[in-house]
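Each chain is listed here by its residues.
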Amino acid sequence: MTRPGGEWRNWGRTARVRPQRVEFPTTPEAVQRAVRAAISRGMHVKAVGAGHSFTGIAVAPGLLLDLTDLSGVVAVDTARSRVRLRAGTRLHRIPGLLAPHGLAMENLGDIDRQSIAGAISTGTHGTGAAFGGIATQIVGATLVTGDGELLTVDETENADLLPAVALGLGALGILVDVTVQCVPAFMMSAVEHPEPVDELLETLDARVAASDHFEFYWFPHTDVALTKTHTRLAGDAMRRPLPRVGKWVDETLLSNGVYRVVCAIGTALPAVIPSFSRVAVTLTGDREYTDASTAVLTQSRTVRFREMEYALPAEDVRPAFEAVRALIAERGWRISFPIEVRFARADDLWLSTAHGRATGYIAVHRYWREDPTEYFEAVEQIMREYGGRPHWGKIHGQDAASLRAQYPRFDDFLAVRDRLDPERVFRNRYLDRVLGE
């Protein structure tokens, strides 16, 4: 399906474009035809999923390929617990697709609105010191390269390319399907409590090491952290979900409905934010339950925001976090969104933010109607002092010159890009900045 280009905007309203052409392919062959046609017209091509990246990574001034209709299961290998999915499949639909086969994804991020291709291409991750980001679960992929050809990458074909293709920033081609290494479906117990933030920081390393999945949120202007400790259980463990009414109050009424109003008021009257934050930590984040893994790992977030996130060596998370706390107090800012801290194991994907090192993540946010520039730039300076790597799909100010020093395989990735897209069919301004032209 093709239509003239209207305006495309991402979810965070940080990027927009009016492409020359928009297509909605439903098959890999349709993607291939679209790419070849664009090449013949001298147009650049970008694919978009759910638009949940805050950077311009998916901005497509030429041909925009909306992969919404390129969705669903291609094949299931039950013997190896592998599922091949079309690239546009939304993460929140995957549990239902895997359930008939008794499978689940090993780990997920806390938001599941993204497409599987968009999530892996930007380095989306969850938390858990023994678990990698979503891209580490990819064992195969098919993509349309810069010459319009279909390329298969897995352990038997072009295996040397998988560490680049599994997290490729959309720079190597248009993904049409990916093969996910799944695990047997499992349950999780969740213990979520507020704790004094200073006491938590004293034992942070031990808490992370002792937990399957640990993270915390800190609301600026308070001395309390909301902690989440999630433990993996067998698939037949007894389910003790949150009461329906209590879940609605916590996640819909308070965390989204009331919070949206608070953010709007805080934009006009910043002085009220500290009081609202202190109330927020007393009303939310104190519960225990057991449910299917996807119900525990993900949550609904409907309040629109903008985000910057940095990946740090795990041992530097505490001093970097304390430096951000001190910065907020020193500048006298009124910050309505919490700071989020998560963890991941080291991996070997060339452009993964966790490449080669156990990693902790610090994410900062601002309500979408507030200007985040001053806050984000100051926090980014702290993160860079600790060797931080920015999330590819979230706001940052780095470029190829600074990023090359952070990634030992950066030039190897560029060599693959030269091989698969020598004419830069898939370039845009963001990729020019972070990878070079």
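See the structure shown above.
Please read these numbers as outputs of a predicted model, since none were measured by experiment.

Asker: Give me the packing of helix H10 (residues 317-331) against helix H11 (residues 373-385): which residues, what numbers.
Answerer: Between H10 and H11, the least distance of the axes is 10 Å, while the angle of their chain directions is 145°. In this structure, H10 crosses over H11, and the sense of that crossing is right-handed. On H11, the residues touching Ala320, Ala323, Val324, Leu327, Ile328 and Arg331 of H10 are Glu374, Tyr375, Ala378, Val379, Ile382 and Met383.

Asker: Before we move on, could you go through the pattern of salt bridges and cite the residues and values that matter?
Answerer: Across all of its chains, the model carries 28 salt bridges by this definition. Note that Arg16 is salt-bridged to Glu7, the shortest N-O span being 3.7 Å. In this structure, Arg325 and Asp198 form a salt bridge, with 3.0 Å as the shortest nitrogen-oxygen distance. In this pair, Arg325 is assigned in helix H10 and Asp198 in helix H5 (residues 197-202), connecting sequence segments 127 residues apart. Bridged by salt links that share partners, the residues Asp110, Glu307, Glu309, Glu340, Arg342 and Lys394 form one connected network.

Asker: Run through the environment of Thr152, naming residues and quoting values.
Answerer: By the element assignment, Thr152 lies in strand E11 (residues 150-153). Judged by its relative accessible area of 27%, Thr152 is partly exposed. Through-space distance from the C-alpha of Thr152 to that of Ala135 is 16 Å; in sequence the pair is 17 residues apart. Among residues more than four places away in sequence, those in contact with Thr152 are Ala141, Thr142, Glu157 and Asn158.

Asker: Tell me about the environment of Gly146, and name the residues and values.
Answerer: The topology assignment puts Gly146 in the loop between strand E10 (138-144) and E11. Residue class for Gly146 comes out buried when judged on its relative accessible area of 12%. When the C-alpha atoms of Gly146 and Arg419 are compared, they prove to be 8.9 Å apart, with 273 residues separating the residues in sequence. Apart from the residues lying within four places of it in its own chain, the contact partners of Gly146 are Ile39, Leu420, Asp421, Val425 and Phe426.

Asker: Mind laying out the sheet that holds strand E12 (residues 174-181), listing which residues take part and the relevant values?
Answerer: Two strands in a sheet stick together by hydrogen bonds in their backbones, pointing the same way (parallel) or opposite ways (antiparallel). The five strands are arranged E7-E8-E12-E10-E11 in an open sheet whose pairing can be described as antiparallel. Across the chains shown, the open sheet's two edge strands, defined by having one partner strand only, are strand E7 (73-77) and E11. Here the average twist between neighbouring strands, direction ignored, is 10°. With five bridges connecting them, strand E8 (residues 82-86) and E12 associate as antiparallel partners. By the bridge assignment for E12, Val83 is matched with Val180.

Asker: Kindly report on the side chain of His125, identifying the contributing residues and their values.
Answerer: Mapped onto the secondary structure, His125 falls in the loop between helix H3 (116-122) and E10. Overall, the relative accessible area of 2% leaves His125 in the buried class. Within polar-contact distance, the side chain of His125 engages the side chain of Glu309 at 2.8 Å. Residue contacts for His125: discarding those within four places in its chain leaves Gly109, Gly133, Ile134, Glu309, Arg342, Tyr361 and His391.

Asker: Hey, could you go over the nonpolar core for me, with residue numbers and the actual values?
Answerer: Proteins that are soluble and globular tend to have nonpolar side chains buried together. Judged by nonpolar contacts, the single largest core of 84 residues is most densely connected at Val45, Leu65, Leu175, Leu351, Trp392, Phe413 and Leu435. Those residues in contact with Leu65 that sit more than four places away from it in its chain are Glu23, Pro25, Val31, Ala34, Val35, Val45, Lys46, Ala47, Val48 and Ile174. With 31 residues, the next largest nonpolar core counts Phe214, Met308, Ala320 and Ile382 among its residues.

The rules behind each value
Residues numbered from 1 in each chain as written. Predicted model: local features only at pLDDT ≥ 70, side-chain atom pairs only at ≥ 80, totals over all residues. Heavy atoms only, no water. Axes fitted to C-alpha atoms, helices over the stretch in contact; angles between N-to-C directions. Helix = DSSP H or I, 4+ residues; strand = E, 2+ residues; numbered from the N terminus. Left-handed = near helix turned anticlockwise from the far one by under 90°. Contact = heavy atoms within 4.5 Å. Salt bridge = Lys/Arg side-chain N within 4 Å of Asp/Glu carboxyl O. Buried < 20%, exposed > 50% of the residue type's maximum accessible area, 1.4 Å probe, protein only. Pairing = 2+ DSSP bridges. Polar contact = N/O pair within 3.5 Å; in protein donor to acceptor, adjacent residues only side chain to side chain. Core = buried A, V, L, I, M, F, W, Y, C linked by side-chain atoms within 4.5 Å.

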